[in-house]
Amino acid sequence: MKRWLIGLVMVTVGLLSWMGSGVSAQAASLADGVYQVPMKIEQSKSVRESAANQFFAKTAVVKVEDQRPTVVLISNGGQYIQQFDLAKQPAKKVGTVNQQTLYQVQLTRLASPITATFKLVTPVGAMTESARLVLDWEHAQSRTTAVTTAALMQAANDLARQQKVKVETTKIPAKTATQSVRTTAKKVQPRLTRAQTQVTYWRYQVLKGSGSGRSQADRYFTDLAEIRRDSEKNYQVKLIVRYAKSLGLGPKAVVPEMVNGRPVATGTIHYQSTGDHYQMTYQFSVSRLQDLSHHLIPGKIHVTVPGVGLSQTFPIRFKFASHGAASADRATAVAIAVKGTQRASVTQHNQRATLPAILGRIRPSGPS
């Protein structure tokens, strides 16, 4: 009996010890004040890094008052983050520092990990990421014993200035890019007649590789193609991709690979920097203009999104209008067939919030 009682006590102590270690891993106790706390964002069911982790600094700023934390996270991905919640509490934007966004969430207790949900909007579409915010309370560093909102924001602003999160991009000076286009034009363009150099404009939409829906890439193609006839009496179709530099994608986020069943000639691909935007143009040829309006033109583009580790090739298709026009203004009024009919879609086009109207405003920089 005595041995049995001793064994029972030992098992009970061991069980309590295990339970105690589990609680300490989930919770912490800190004196009132403002702290810097190491952090990371993991996948919801794995210790692997979440895609959302790339958008945040590796340190959070936390105000603790009566063991209730107010957490401020520093993000370089404000343009991608539509919304996120921690422990089902919505994060609020409370400031910006050096193009970084400060997000604040008030929680009920000190804990880790914390369930998180991120709604992200990327150039290739929206995604919802379930994750866990891991806060390393054991290595929290005290900043001040004050527990005011001003003290919290001061610490967050100071930290954001010290450890600015950077998205790696390669900058191409506007002058260099323009010169490159001009030099290439001189080398590959033979002397053409006036009729051959005349430009016509054709409206188009970018569809998914299958089905009838629009591709997310449709937001970044300017939906007006420029067409010239070359010296061999083929028609050269120039497509234009344009997106804001503020997206942090860099100048070569979109690389065309295939169009109309053929690889895109590298000599037709040109990258430019134009004010607040990056721009890419490329070309393919058709022997007859009817080929544009009578068929869907298949293509492939490679999209790279820094920060989320996305580097992937996507199939797309181009749906052109019934005919072109001599000016961009007139081309925008030409109907694009919808489900086999020729109903006009000008109203739908003008309601697209992600692309500005391109009536003479969205044109490639430098010589066409």
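About the criteria used
Throughout, residues of each chain are indexed from 1 in the direction in which the sequence is written. Confidence filtering applies because this is a predicted model: local features only for residues at pLDDT of at least 70, side-chain atom pairs given and counted only at 80 or more, and all residues used for totals across whole chains, interfaces and linings. In computing side-chain properties, one takes all heavy atoms of the structure into account and sets aside hydrogens as well as water. What counts as a salt bridge is simple: a side-chain nitrogen of Lys or Arg found within 4 Å of a carboxyl oxygen of Asp or Glu. The helix and strand labels rest on DSSP assignments: H or I over at least four residues marks a helix, E over at least two residues marks a strand, and numbering proceeds from the N terminus. One less than the number of residues in a helix, times 1.5 Å, gives the span that helix is expected to have. Relative accessible area decides the class of each residue, using a 1.4 Å probe on protein chains only: under 20% of the type maximum gives buried, over 50% gives exposed, and in between gives partly exposed. Put simply, a nonpolar core is a bunch of buried Ala, Val, Leu, Ile, Met, Phe, Trp, Tyr and Cys residues held in one set by side-chain atoms that sit within 4.5 Å of each other. Between the rings of Phe, Tyr and Trp (Trp by its six-membered ring), a pair exists once the centres lie within 6.5 Å; its type follows the angle of the planes, with under 30 degrees stacked, over 60 edge-to-face, and the other angles tilted. Polar contacts, as used here, are pairs of N or O atoms within 3.5 Å; protein pairs need one atom able to donate a hydrogen and one able to accept it. Residues neighboring in sequence count only if both atoms are side-chain atoms. Pairing between strands is defined by DSSP: at least two bridges between them are needed.

**Concerning the pattern of salt bridges**
- Tallied over the entire structure, the rule returns six salt bridges.
- Measuring nitrogen to oxygen at the nearest pair gives 3.3 Å for the salt bridge that ties E42 to K40.
- Note that E42 and R132 form a salt bridge whose closest N and O atoms lie 2.7 Å from each other. Of this pair, E42 sits in strand 1 (residues 33-43) while R132 is found in strand 9 (residues 125-135), placing the two residues 90 residues apart along the sequence.
- Salt bridges here are not isolated pairs; linked through shared partners, they connect K40, E42 and R132.

**Some remarks on helix 2 (residues 149-162)**
- Compared with the 20 Å implied by 1.5 Å per residue over 14 residues, the 20 Å span of helix 2 between its first and last C-alpha is a close match.
- Within the span of helix 2, buried status applies to A151, L152, M153, A155, A156, N157, D158, L159 and A160.

**Regarding the nonpolar core**
- The biggest cluster of nonpolar side chains holds 65 residues, and the ones touching the most others in it are F56, F221, L239, F318 and F320.
- Residues V34, I74, L102 and M153 belong to the second largest nonpolar core, which totals 14 residues.

**Topic: the packing of aromatic side chains**
- Per the stated rule, a full pass over the model turns up ten aromatic pairs.
- Where Y204 meets F221, the ring centres are 6.4 Å apart and the plane angle is 80°; that geometry is what we call edge-to-face. Taken together, the residues span a long stretch of sequence, with Y204 in strand 11 (residues 200-208) and F221 in the loop between strand 11 and strand 12 (224-229) at a distance of 17 residues.
- With relative accessibility at 1%, the residue Y204 sits in the buried group.
- Judged by its relative accessible area of 1%, F221 is buried.
- Ring geometry for Y204 against F320: centres 5.4 Å apart, planes inclined by 35°, an arrangement best described as tilted.

**Notes on the side chain of S273**
- With respect to the helices and strands, the residue S273 is situated in strand 16 (residues 270-274).
- At a separation of 2.6 Å, a polar atom in the side chain of S273 contacts the side chain of K245.

**What about the side chain of T332?**
- The residue T332 is located in the loop between helix 6 (328-331) and helix 7 (346-350) in this model.
- Polar contacts involving the side chain of T332 include one to the main-chain carbonyl oxygen of D329, which spans 2.7 Å.

**Quick notes on the pairing of strand 16**
- Along strand 16, five of the five residues are buried, which leaves the element largely enclosed by surrounding structure.
- Where burial is concerned, the two faces of strand 16 agree: the one with H270, Q272 and T274 and the one with Y271 and S273 are both buried.
- Looking at chain direction, strand 16 and strand 17 (residues 277-286) are connected through five bridges and run antiparallel. The residue bridging Q272 from the neighbouring strand is Q279, located in strand 17.
- Once strand 16 ends, the chain turns through two residues before running back antiparallel as strand 17, passing G275 with a positive phi of about 65°.

**Quick word on unusual backbone geometry**
- Along the chain, S112 connects to P113 via a cis peptide bond; the corresponding omega equals 0°.
- Take P113: it is sitting in the loop between strand 7 (100-106) and strand 8 (114-122).
- Even without glycine at this site, A87 takes up a positive phi of about 50°.
- With respect to the secondary-structure elements, A87 resides in the loop between strand 4 (81-86) and strand 5 (89-90).
- When its relative accessible area of 34% is taken as the criterion, A87 is described as partly exposed.
- Even without being a glycine, N260 presents a positive backbone phi close to 55°.
- Summarising the element assignment, N260 is placed in the loop between strand 14 (254-259) and strand 15 (262-263).

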